[in-house]
Protein chains: 2
Amino acid sequence: MEPRGPQDYFDAGMALLAGGGVGAVTIARLCSELGVTKGSFYHHFRGVEDFKTQLLVHWAIDGERQVLQAAASVADPVERLDTIRELGIALNHEAEVAIRAWSRTDAHAWAVREQVDVARERTVAAAYTEVGVPHEAAELLGRLAVAVLVGAQHRGETTDRDALRQLYGRLQEMTAAIYLPAAAPR
Amino acid sequence: MEPRGPQDYFDAGMALLAGGGVGAVTIARLCSELGVTKGSFYHHFRGVEDFKTQLLVHWAIDGERQVLQAAASVADPVERLDTIRELGIALNHEAEVAIRAWSRTDAHAWAVREQVDVARERTVAAAYTEVGVPHEAAELLGRLAVAVLVGAQHRGETTDRDALRQLYGRLQEMTAAIYLPAAAPR
DNA sequence: CCGGTACCATACCACAGGGTATGGAGGCAC
DNA sequence: GTGCCTCCATACCCTGTGGTATGGTACCGG
């Protein structure tokens, strides 16, 4: 019996979150998933509220590290926009939908999710600014891209990433056609 | 004590749904809101599952009637697109967010919401087709418009309809600039 | 060998929520 | 009046969930 760490609970918690929303994240289910009892849970966390808070921060940190740092490593802004699109498609959409729903009823979840979304918007906007799009238009394009991502997250099942790719690609095409006539000629 | 009808429960149920998600829709809260006890609830509905199902259908019927019929009454397709945009902005976004989250964990809710979204997409796509946009592009624009609506629904508080208006308007501008050069010259 | 600490199982309590059974008050038909 | 139906209050049970208290096992430093 190797000992369980907080990371095990976070993994199981994200799975429960993705599968049944924040309401499905319960101590009994977590312990059942890990093959332990409540004594183990309360040894690692002070309560269910404490766990949910840590789980949320864990999601935000992971998202910040994986998505934004991976995007920042691409020097060319146009190529970076493609990278961002693929990173967005590869996200855990089920979990994100659950977090977005959760953030409507919980102030702390709202703040964390908002911070993540704003960071994503800024990343997209910065890339557009670098290729010559006016500042105000770039900011709006960042918000539009995140909105399309969130909107597409709420449609289709798990395997429907092609639809998101199609929508996201179309928005990029339209944007390029208007703001980047030199970079992406039609 | 005037007797309570199912409509009273639907109104209270939508308020609870908008305020705290599907998890907040509980028999005790419904009865507390209406000033009755559980005996009244179980007289009108067979159980909480039956009530939720009826509530969902009630939302879909209302949406179908208010939004789509109001849009269908506008003959000019370009003017109709503006009407659709304003109707989308005026929706009960809190309730819709709750329903969209609910539809990720409930098969029946998923089917009903999907039907509503598809109907909205078709309405937008039909308007674009009428003004001369190719069929495939019009369909994609319908999905893009609904995606932006859903994405914007998950940001900002209740009073932040200006942000949605701005995003929605920008998408419309970009669309017009590409597909409707004659109708909306830049 | 002994004490402390990390890790966890067991047992128990409190409370909220869904569901059921029963009875009562008022109206309406006959 | 009698009977029936609508509408609803009260009381009760069962389950699931958060939380606590307690004890037990294994390892590690001294």
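Worth saying up front: this structure is predicted, and the values here are computed from it rather than measured.

What follows concerns the protein's contact with DNA strand D. Taken together, 16 residues form the shell around DNA strand D, and within it Thr26 and Lys38 of chain A together with Arg4, Thr37 and His44 of chain B come nearest. Considering the 4 Å shell around the protein, atoms of DNA strand D inside it are sugar or phosphate in 60% of instances. At 3.0 Å, a backbone N or O of Ile27 of chain A approaches a phosphate oxygen of DNA strand D. Arg29 of chain A places a polar side-chain atom, nitrogen or oxygen, 3.2 Å from a phosphate oxygen of DNA strand D. The greatest single-element share of the surface near DNA strand D, amounting to four residues, is contributed by helix H3 (residues 38–44) of chain B. Class assignment for the residues of the surface near DNA strand D results in five nonpolar, eight polar and three charged.

A few words on the protein's contact with DNA strand C. Surrounding DNA strand C, one finds 17 residues, the nearest of these being Arg4, Thr37 and His44 of chain A together with Thr26 and Lys38 of chain B. In DNA strand C, the atoms that sit within 4 Å of the protein are 60% sugar and phosphate, with bases accounting for the remainder. Here His43 of chain A contributes a side-chain N or O atom positioned 3.5 Å from a phosphate oxygen of DNA strand C. Contributions of two or more residues to the surface near DNA strand C are made by helix H3 (38–44) of chain A together with helix H2 (27–34) and H3 of chain B. In terms of residue count, H3 of chain A provides more of the surface near DNA strand C than any other element does, four residues in total. Residue composition of the surface near DNA strand C, by class: six nonpolar, eight polar and three charged.

All right, on to the relation of the copies chain B and chain A then. Placing chain B over chain A gives an RMSD of 0.1 Å and needs a rotation angle of 180°, together with 0.0 Å of translation along the axis. What the superposition gives is, in effect, a two-fold axis relating one chain to the other. For chain B, the minimum C-alpha distance to the rotation axis belongs to Gly151 of chain B and amounts to 2.0 Å. Interface residue correspondence from chain B to chain A reaches 100%, placing this contact among same-surface, isologous pairings.

As a further point, take the interface of chain B and chain A. Contacts between the two partners involve 41 residues from chain B and, on the opposite side, 41 residues from chain A. Taken together, the two surfaces of chain B and chain A that pack against each other cover about 3400 Å², and 62% of this comes from carbon and sulfur. It is Arg104, Arg155 and Met174 of chain B that lose the most area in chain B upon contact with chain A, and together they represent 22% of the buried surface on that side. Run the count over chain B and chain A and you get six salt bridges. A salt bridge links Glu114 of chain A to Arg155 of chain B; the nearest nitrogen and oxygen atoms lie 3.0 Å apart. Across the contact surface, chain B and chain A share 11 residue pairs in polar contact (both at pLDDT 80 or more). With 12 residues, helix H8 (residues 135–153) of chain B is the largest single contributor of residues to the side of chain B that touches chain A. Residue composition of the side of chain B that touches chain A, by class: 20 nonpolar, 10 polar and 11 charged.

Here the structure, examined in full by the defined rule, presents 26 salt bridges over all chains. A salt bridge links Arg120 of chain A to Glu96 of chain A; its shortest N-O distance comes to 2.7 Å. On the criterion of sequence distance, the pair formed by Arg120 of chain A in helix H7 (residues 107–130) and Glu96 of chain A in helix H6 (residues 93–102) is long-range, its members being 24 residues apart. Taking relative accessible area as the criterion, Arg120 of chain A reaches 9% and is therefore assigned buried. Each of the salt bridges in this network shares a partner with another, and the network as a whole consists of Glu96, Arg100, Arg113, Glu114, Asp117, Arg120 and Glu121 of chain A together with Arg155 of chain B.

Definitions and limits used
In this convention, every chain numbers its residues from 1, walking through the sequence in written order. By the order in which they are written, chains take letters starting at A while ligands take numbers starting at 1. Under the rules for a predicted model, residues below a pLDDT of 70 receive no local features and side-chain atom pairs below 80 are neither given nor counted, while totals for whole chains, interfaces and linings still include all residues. By convention in this description, side-chain values take in all heavy atoms of the structure and omit both hydrogens and water. When we say a residue is near a molecule or strand, we mean one of its heavy atoms is within 4 Å of it. The term polar contact refers here to a pair of N or O atoms within 3.5 Å; inside protein, the definition further demands a hydrogen-donor-capable atom paired with an acceptor-capable atom, and it admits residues adjacent in sequence only when both atoms are side-chain atoms. Each helix is a run of H or I in the DSSP string that is no shorter than four residues. Each strand is a run of E no shorter than two, and both are numbered from the N terminus. Three categories are distinguished: nonpolar for Ala, Val, Leu, Ile, Met, Phe, Trp, Tyr, Cys and Pro, charged for Asp, Glu, Lys and Arg, and polar for the others, with Gly belonging to the last. Overlaid copies result from least-squares superposition on C-alpha atoms, with residues included only where pLDDT is at least 70 in both. Between two residues, a contact is recorded if the distance between any of their heavy atoms is within 4.5 Å. Throughout, the accessible surface (probe 1.4 Å) given up by two parts as they are put together, summed over both, is called the buried area. A pair is scored as a salt bridge if a Lys or Arg side-chain nitrogen falls within 4 Å of a carboxyl oxygen belonging to Asp or Glu. Whether a residue is buried, partly exposed or exposed follows from its accessible area with a 1.4 Å probe, protein chains only, as a fraction of its type maximum: under 20%, in between, or over 50%, in that order.

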